[in-house]
Amino acid sequence: MDTEQVITRFPPSPTGTLHIGGARTALFNWLFARQHHGKFILRIEDTDKVRSTKENTESIIESLKWLGLDWDEGPYFQSQRTKIYYEMIEKLLSSGKAYYCHCSPEELEKKRIEAIKKGLKPKYDGKCRDLGLGKAPGAVVRLKSPLTGKTIFKDLVKGTISIENEQLDDLILQRSDGSFTYNFAVVVDDSNLGINYVIRGDDHVNNTPRQILIYKALDEPIPQYAHLPMILGRDKAPLSKRHGATSVMAFKDMGFLPHALLNSLARLGWSHGDQEIFTKQELIDLFSLEHVGKSAGIFNMEKLLDLNAKYIREENDSTLADLLLPFLSQLGCKDLPREKVKCAVKTLKARSKTLLEMAQRALFYFQEIDYEQQADEKFLLPDVLYILEDLLLDIKGATSFDQKNLENIFSTLLERHQIKLGTIAQPLRVALTGKTVSPGIFEIMEVMGQEMVVKRLSNAILHIKSKKGP
RNA sequence: GGUCCCAUCGUCUAGCGGUCCAGGACGCCGGCCUCUCACGCCGGUAACACGGGUUCGAGUCCCGUUGGGACUACCA
């Protein structure tokens, strides 16, 4: 009975797409809810009519789905919940916890500037606080917050935080145009939806006391708070657009596996001893707010890359082939035979950090090749011509084309010419792929198949001959 | 300016007074493996911001300094 159900929430604002900071906040809320068999609610904070877009909302939802962070309720839209806000404003007004203020923005701005000039805190002077003013055009509703005392709360990651109430001013709850401010809407929504754990970014710590005051005025239970440290860019500045691709969808497009991103996000700020790799279930079981660090961190791209490579290596070929197809298609290879893609994947999974990289490396299997200039100059030389010609004969005569048989063909060829594999491996590699780097030559020949190998080898031979010139 | 928060290798971090001349991971540098590149394996590089306390003993507790960040809006 004492175990109240845990209810968390993720409230993105559709003024932009979901970036990794938001994604981590969502992840921690999701983990916490899942671990406690509670509820995770999605709420879209679209009260900023000017900057919010439908596209962003859709993109955020798509990102969350891609990451596999499913929600139990919502998405709720703040823009559709105004009725509740009106009711709560009424409640505060009638109980004397809030009041109308007739001060004009201009008047306030003037006072602000004067206060700053005098070195004072630029807060509202409480002019209309006890005037008992009524509703009027241009009036706003302010919270009548306590002038003395302290507001204290126990943050689950930062510890006890306290602030003198005199530092806080009578903040506006409802604007003169009738719309509601962020701090008010959040409290009303969280309270209304039964949110009892608020896990959010560090940038909200200073808002928390203000929000607690609203809860108190509303006479509603105050949730538990956990403030996560910020994620910084390379330059140690808070993450923003100028740090390049930070949106979750950009990571998808770069060829990252959702779980790799999730794992890497989880380890930014949270830790479980020395463990680096976690399955989703482990994350759910082991996550703990107590082990969330207090200091901001820089997102480590190299580490993500490494994790992604690890997960690619461990993923099965068939799944990878499905994931790879769209990337290949993007690069101009459409309608490929899935089986062949799967074989290609097998040769490339240990050497690709992202799906995009894998697709690029796989291109020679599916597209006409060009010789890289340096590779051509260094390896496609007349002195290996006779070996390649001899090899071509063997290849043409091969009755089966699996790796085992290819290796046999080669060992007799090497024997016959008294050479080592090393002498023809690179020329052959360039002949077949156009590059000096590729999976093992027996692997790629098997995947390419006899016909393609014959063709590329013949082309290379002609190419070398043409070089000898007249 | 005021208020609040933060501070261990380049980066992410372990560390909840002695087991730490500080451990793991990524990166980087060597080596092994080897048909190239990877993978894998082995080894190396590198940090408790500074100054005072408290204590028999401090990376770990307290205070200060310095340096970061957040908030201070009729933005969210």
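Draft legend 1. Broad picture of the overall build of chain A. Within chain A one finds 19 helices and 12 strands. Here the C-alpha atoms of chain A give a radius of gyration of 32 Å, more than 25% beyond the 23 Å that 2.2 N^0.38 yields for 470 residues. Taken over the C-alpha atoms alone, chain A extends approximately 105 × 55 × 40 Å along its principal axes. Considering chain A as a whole, with its 470 residues, one finds that 49% of them fall into the buried category. Contacts in chain A between residues at least 24 apart in sequence constitute 75% of all its contacts with a sequence separation of at least 6. Taken as a whole, chain A presents about 23,400 Å² of accessible surface, with 52% of it coming from carbon and sulfur.

Draft legend 2. Representation of the packing of helix α5 (residues 182–192) against helix α6 (residues 208–218) within the structure. One can describe the packing of α5 onto α6 by two numbers: an axis separation of 9 Å at closest approach and a directional angle of 55°. The orientation of α5 relative to α6 falls into the category oblique. Handedness of the crossing formed by α5 with α6: right-handed. Facing Tyr-182, Asn-183, Phe-184, Val-187, Val-188, Asp-190 and Ser-191 of α5, the residues of α6 in contact are Arg-210, Gln-211, Ile-214, Tyr-215 and Leu-218. Partitioning the contact of α5 with α6 into residue classes produces seven nonpolar, three polar and two charged.

Draft legend 3. How the structure looks around the protein's contact with RNA strand B. The full set close to RNA strand B counts 59 residues, and Arg-112, Arg-175, Arg-351, Arg-429 and Ser-438 are the nearest of them. A breakdown of the atoms of RNA strand B within 4 Å of the protein gives sugar and phosphate a share of 68%. At 3.5 Å from a sugar or linking oxygen of RNA strand B is found a side-chain nitrogen or oxygen belonging to Gln-167. Within the backbone of Ile-298, one N or O atom sits 2.9 Å away from a phosphate oxygen of RNA strand B. Looking at the surface near RNA strand B, the elements that each hand over two or more residues are α4 (105–117), β7 (159–164), β12 (297–298), α10 (301–314), α17 (421–433) and α18 (441–448). With five residues, the single largest contributor to the surface near RNA strand B is α10.

Draft legend 4. Layout of the domain arrangement of chain A. With domains assigned, chain A is organised as domain 1 (7–78 + 231–301), domain 2 (81–228), domain 3 (316–366) and domain 4 (373–468). Measuring from the centre of the C-alpha atoms in domain 1 to the corresponding centre in domain 4 gives 49 Å.

Draft legend 5. Inspection of the side chain of Arg-34 at higher detail. One can find Arg-34 in helix α1 (residues 20–35). Its relative accessible area of 18% is what places Arg-34 among the buried residues. A polar side-chain atom of Arg-34 sits 3.1 Å from a polar atom in the side chain of Asp-72. Excluding its chain neighbours within four sequence positions, the residues that come into contact with Arg-34 are Phe-40, Asp-70, Asp-72 and Ile-284.

Quick notes on the rules
Residues numbered from 1 in each chain as written. Chains lettered and ligands numbered in written order. Predicted model: local features only at pLDDT ≥ 70, side-chain atom pairs only at ≥ 80, totals over all residues. Heavy atoms only, no water. Helix = DSSP H or I, 4+ residues; strand = E, 2+ residues; numbered from the N terminus. Rg over C-alpha atoms; globule rule 2.2 N^0.38 Å. Buried < 20%, exposed > 50% of the residue type's maximum accessible area, 1.4 Å probe, protein only. Contact = heavy atoms within 4.5 Å. Areas by Shrake-Rupley, 256 points an atom, 1.4 Å probe, with all protein chains shown as cover. Axes fitted to C-alpha atoms, helices over the stretch in contact; angles between N-to-C directions. Parallel < 35°, antiparallel > 145°, perpendicular 65-115°, else oblique. Left-handed = near helix turned anticlockwise from the far one by under 90°. Nonpolar A, V, L, I, M, F, W, Y, C, P; charged D, E, K, R; others polar. Near = heavy atom within 4 Å. Polar contact = N/O pair within 3.5 Å; in protein donor to acceptor, adjacent residues only side chain to side chain. Domains from an automatic or database assignment.

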